[in-house]
Amino acid sequence: MKKIAILTVVLMAATATFAQQNLFGPAQVKSPEINADKTVTFRLQAPKAVKVEVTGDFLPTQKIETPFGTFDAPGVAQLKEGKDGVWEFTTPTPVAPELYTYTFKVDGLTIIDPANVYVNRDINNLSSILLVDGNELTNHFKVNDVPHGTVSRIWYHSAHEGIDRRLTVYTPAGYETSGKRYPVFYLLHGIGGDEEAWLTQGRATQILDNLIAEGKAEPMIVVMTNGNISQRAAPGEGPEGMIPVTMQLPKTMEGTFETCFPEIVKFIDKTYRTKAQKKYRAIGGLSMGGYHSCHISKQYPEMFNYVGLFSAAINRESGVSEIYENFDQKLDVQFSKKNRPALYYIAIGNTDFLYKDNMEFKAKLEAKGYPFVYKETDGGHIWRNWRIYLDDFAPRLFK
């Protein structure tokens, strides 16, 4: 017993010493540092490293080939070793205002910036976050001194799949006390994402809070779904536990999610104070979410009055389903005088690997004389564009 007591004291002392080192030890290097001229300096203390690089979307892009197509990948820059094994790189020119992600590569091993506590998960990749402020758009990415909405993780039962599934729901500032009913915007993620993606990478709550506070967007409920119908919730948030994260999930683009979607609308209308009519409903999403938005809105033309396709994965079906049959005929019904949406919005980057597909779809709508709004930006299949599209699309809703 005496030996156990001594061991316990030693362990407690070691733990206390470790905690004190964290609190009172030498300060970490400062990284990233946004300089007065808007250049940015990155630093990493790695005295035993041979080669250190930084890669991020603040650098000029490079092309990479994948099974899904050609993508714009973040560029790479070399850090130079200085005093005490601190490696450093400063961008040669000012970095434009934007929200960026980056990682270090140390002798081939990719790591996040240990001096930066702000981290983002994109599918199974972690990256550090850099926000360079300076324009209206980046101001919408920040938590400003405005009234804030509430974010809830809420579960619903999918009778079609026989499982409980999770949604993320944003309610605007004042929802809890106003007694009012609100329009609803269903905001869908891309392949490999989940109901957390638009919150973390898309900055959806910050964008909505700021647009609503400025009077540019109507107060609305925003429902962020999990489009992976085989998944109950985001990785680690469901009964499956801390399973490996992958984008190769079953039943994503083969019609099941679209078939089940009315369950979600019915649940939201029952649970929240909604304006449960077509003219007060919108649906939109990025990539796979744009694909889902396209097919859901044409499959249920009486359900949504506003449709947003952000870099939509048009013509990328992975299975045979009646949801995808008679596409042109269903599109005709959707754009008929009885069902025509108040807004049909298409947005894409000019180097996106889905650009050609979207141009073909745009040409189809033009040939049929169907009205739509088109927005084209620089860049490819990236969150930087999708945040821009959300910031542009949301103010157009429910006017």
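Predicted, not measured: the structure shown is a model, and the values here were computed from it.

1. Let's talk about the overall build of the protein chain
The secondary structure content of the protein chain amounts to ten helices and 20 strands. The C-alpha radius of gyration computed for the protein chain amounts to 24 Å, which stays within 12% of the reference 21 Å derived for 399 residues, consistent with globular compactness. The principal-axis extent of the C-alpha atoms belonging to the protein chain is close to 75 × 60 × 45 Å. For the protein chain, the proportion of its 399 residues judged to be buried stands at 49%. With 44 positive and 45 negative side-chain charges, the protein chain shows a separation of 4 Å between the mean positions of the two kinds.

2. A closer look at the sheet that holds strand β20 (residues 373–377)
With respect to topology, eight strands assemble into an open sheet ordered β13-β14-β16-β15-β17-β18-β19-β20, the strand pairing being mixed. Every other strand in the sheet has two partners, leaving β13 (150–158) and β20 as the edge strands with one partner each. This sheet shows a mean twist of 20° between the axes of neighbouring strands, independent of strand direction. Looking at chain direction, strand β19 (residues 343–349) and β20 are connected through five bridges and run parallel. Of the residues in β20, the one forming a bridge with Tyr345 is Val373.

3. Section: the nonpolar core
Counting 46 residues, the largest nonpolar core has Tyr186, Phe261, Ile268 and Phe361 as the members making the most contacts within it. No other element matches helix α6 (residues 256–271), which puts seven residues into this core. What Tyr186 contacts, discounting residues up to four positions off in sequence, is Val223, Phe261, Ile264, Val265, Ile268, Arg281, Ala282, Ile283, Gly284 and Phe304. Counting residues in each nonpolar core, the second largest holds 33 residues, with Ile212, Val222, Ala282 and Trp386 among its members.

4. Some points on the pattern of salt bridges
Overall, the coordinates contain 22 salt bridges when judged by the stated rule. Where Lys142 meets Asp133, a salt bridge forms, and the shortest distance between an N and an O atom there is 2.7 Å. Judged by relative accessible area, which is 25%, Lys142 ranks as partly exposed. Each of the salt bridges in this network shares a partner with another, and the network as a whole consists of Arg153, Arg166, Glu195, Glu196 and Glu237.

5. Brief notes about the side chain of Arg281
Position of Arg281 relative to the elements: it lies in strand β17 (residues 281–286). On the basis of relative accessibility, which here comes to 9%, the residue Arg281 falls in the buried class. In terms of polar contacts, Arg281 uses its side chain to reach the side chain of Asp269, at 2.9 Å. A distance of 3.2 Å separates a polar side-chain atom of Arg281 from the backbone oxygen of Met303. For Arg281, the contacting residues outside a window of four places in its chain are Val184, Tyr186, Val265, Asp269, Ala276, Met303, Phe304, Asn305, Tyr306 and Phe398.

6. A word on helix α8 (residues 327–334)
Taken together, the buried positions of α8 are Phe327, Lys330, Leu331 and Gln334. What you see down the axis of α8 is that its buried residues fit within an arc of 105°, all on one side. On the buried face of α8, the contacting elements are α7 (288–299), β18 (306–310), β19 and α9 (355–368).

7. Quick look at the packing of helix α5 (residues 204–213) against helix α10 (residues 383–393)
The interhelical angle for the contact between α5 and α10, taken along N-to-C directions, is 30°, at an axis separation of 10 Å. The angle between α5 and α10 places the two elements in the roughly parallel class. α5 and α10 meet at a crossing whose hand is right-handed. The segment α5 lies against α10, with Ala204, Ile207 and Leu211 engaging Arg387, Leu390 and Asp391. Of the residues belonging to the contact of α5 with α10, the class tally is four nonpolar, no polar and two charged.

8. Let's talk about unusual backbone geometry
For the bond running from Ser31 to Pro32, omega is -10°, close enough to zero to count as cis. Residues other than glycine seldom take positive phi values, yet Arg203 does so here, at roughly 55°. Counting through the fold element by element, Arg203 comes out in the loop between α4 (197–200) and α5.

9. Examining the packing of aromatic side chains
If you walk through the whole model with that rule in mind, you get 25 aromatic pairs. On the numbers, 6.1 Å between centres and 70° between planes, the contact of Phe327 with Phe361 is edge-to-face. Of this pair, Phe327 sits in helix α8 while Phe361 sits in helix α9, placing them 34 residues apart in sequence. Within the aromatic cluster, the residues linked to one another by ring pairs are Phe185, Trp198, Phe310, Tyr345, Trp383, Trp386, Tyr389 and Phe393. Above the plane of the ring of Phe141 lies Arg387, whose end atom (NZ or CZ) is 5.4 Å from the centre.

10. A closer look at the sheet that holds strand β8 (residues 86–90)
Within the open sheet, the four strands sit side by side as β1-β2-β8-β7. Their pairing is antiparallel. Edge positions in the sheet fall to β1 (33–34) and β7 (80–81), since each has one partner strand and no second. Judged from the five bridges that link them, strand β2 (residues 40–45) and β8 form a sheet pairing that is antiparallel. Its bridge partner being in β8, Arg43 is matched across the sheet by Glu88.

What counts, and at which threshold
Residues numbered from 1 in each chain as written. Predicted model: local features only at pLDDT ≥ 70, side-chain atom pairs only at ≥ 80, totals over all residues. Heavy atoms only, no water. Helix = DSSP H or I, 4+ residues; strand = E, 2+ residues; numbered from the N terminus. Rg over C-alpha atoms; globule rule 2.2 N^0.38 Å. Buried < 20%, exposed > 50% of the residue type's maximum accessible area, 1.4 Å probe, protein only. Lys, Arg positive; Asp, Glu negative; His and termini not counted. Charge placed at Lys NZ, Arg CZ, Asp CG, Glu CD. Pairing = 2+ DSSP bridges. Axes fitted to C-alpha atoms, helices over the stretch in contact; angles between N-to-C directions. Core = buried A, V, L, I, M, F, W, Y, C linked by side-chain atoms within 4.5 Å. Contact = heavy atoms within 4.5 Å. Salt bridge = Lys/Arg side-chain N within 4 Å of Asp/Glu carboxyl O. Polar contact = N/O pair within 3.5 Å; in protein donor to acceptor, adjacent residues only side chain to side chain. Arc of directions from axis to C-beta. Parallel < 35°, antiparallel > 145°, perpendicular 65-115°, else oblique. Left-handed = near helix turned anticlockwise from the far one by under 90°. Nonpolar A, V, L, I, M, F, W, Y, C, P; charged D, E, K, R; others polar. Phe/Tyr/Trp six-rings, centres within 6.5 Å; stacked < 30°, edge-to-face > 60°. Lys NZ or Arg CZ within 6 Å of the ring centre and 35° of its normal.

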